[in-house]
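# Per-entry structural report
Residue-level listing of the chains:
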Amino acid sequence: ISACLVGSEMCIRDRYSGIFIAADKALCELQEVICNSPLSNEVEKSCLEVLYSNFADAVINTLHNNLNSSVSEAIDHVKYDFKNVIRAILLESQI
């Protein structure tokens, strides 16, 4: 019985570590998009602050609003939304 319990705890741990890895990967990708964009340092810093302070809440809200989606789908959806925001900021800064 104890071996089964340890095995199930490992499955739960590994499942959640995959979520954190996916979220971290998405954050790194978005950070790279921001840092490689032709933005001023001030705008770049603001974009990164918004990203870091809102990413987790955005994923949670996406999951809450789309109960049938998986966490990885929610992360992809939020990543797509953030990329669109970054594009809009880039377009606005070029005007």
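So, a few notes on the structure that sits alongside this text. It should be emphasised that the depicted structure is a prediction, and the values quoted were computed from it without experimental measurement.

Conventions used here
For every chain, the first residue of the written sequence is number 1, and numbering continues from 1 along that sequence. Reporting in this predicted model follows two pLDDT cut-offs: at least 70 for local features of residues, and 80 or more for side-chain atom pairs to be given and counted; totals over whole chains, interfaces and linings ignore these cut-offs and use all residues. Side-chain measures here rest on the full set of heavy atoms in the structure, leaving out hydrogens and waters. Numbering goes from the N terminus for both helices and strands, where a helix is a DSSP run of H or I of at least four residues and a strand is a run of E of at least two. In what follows, residue pairs with any heavy atoms lying within 4.5 Å of each other are defined as contacts. For accessible areas, the Shrake-Rupley method is used with a probe of radius 1.4 Å. Any residue's cover is judged against the shown protein chains and nothing else. Nonpolar cores were defined as sets of buried Ala, Val, Leu, Ile, Met, Phe, Trp, Tyr and Cys residues, with membership established by side-chain atoms within 4.5 Å. Burial classes follow relative accessibility: with a 1.4 Å probe on protein chains only, a residue under 20% of its type's maximum area counts as buried, one over 50% as exposed, and anything between as partly exposed. One less than the number of residues in a helix, times 1.5 Å, gives the span that helix is expected to have. Bend, in this description, refers to the angle at a residue between axes fitted to the seven residues ending there and the seven starting there. Any Phe, Tyr or Trp ring, taking Trp's six-membered ring, that has another such ring centre within 6.5 Å forms a pair; planes under 30 degrees apart are called stacked, those over 60 apart edge-to-face, and the others tilted.

## Quick word on the overall build of the protein
A tally of helices and strands in the protein yields three helices and zero strands. Helices and strands appear in the protein in the N-to-C order α-α-α. Pairs at least 24 apart in sequence give 58% of the contacts found in the protein among residues at least 6 apart. In the structure as shown, the protein presents an accessible area of about 7000 Å², 59% of it carried by carbon and sulfur atoms.

## A few points about the nonpolar core
Formed by 16 residues in total, the largest nonpolar core has its most connected members in Leu30, Ile34, Leu51, Phe55, Val59, Ile75 and Phe82. Elements with a minimum of two residues in this core: α1 (2-35), α2 (41-65) and α3 (71-94). Among the elements that line this core, the one with the most residues is α3, at six residues.

## Focus on the side chain of Glu44
When you line up the elements, Glu44 lands in helix α2. Glu44 has contacts with Ile34, Cys35 and Leu39, leaving out every residue within four places of it along the chain.

## Notes on α2
Between the first and last C-alpha of α2 there are 34 Å, a value that for 25 residues agrees with the 36 Å anticipated at 1.5 Å per step. Residue Asn54 marks the point of greatest curvature in α2, where the axis turns by about 45°. Among all positions in α2, only Glu44, Cys47, Leu48, Leu51, Phe55, Val59 and Thr62 are buried.

## What about the environment of Tyr80?
Locating Tyr80 in the fold gives a position in helix α3. In sequence terms Tyr80 and Leu30 are 50 residues apart; their C-alpha atoms lie 9.4 Å from each other.

## Focus: the packing of aromatic side chains
What characterises a pair of aromatic rings is the spacing of the ring centres plus the angle enclosed by the ring planes. A complete count under the given rule lists one aromatic pair for this structure. Their ring planes at 40° and their centres at 6.0 Å tell us that Phe55 and Phe82 sit as a pair that is tilted. Of this pair, Phe55 sits in helix α2 while Phe82 sits in helix α3, placing them 27 residues apart in sequence. Each member of the pair, Phe55 together with Phe82, is buried.

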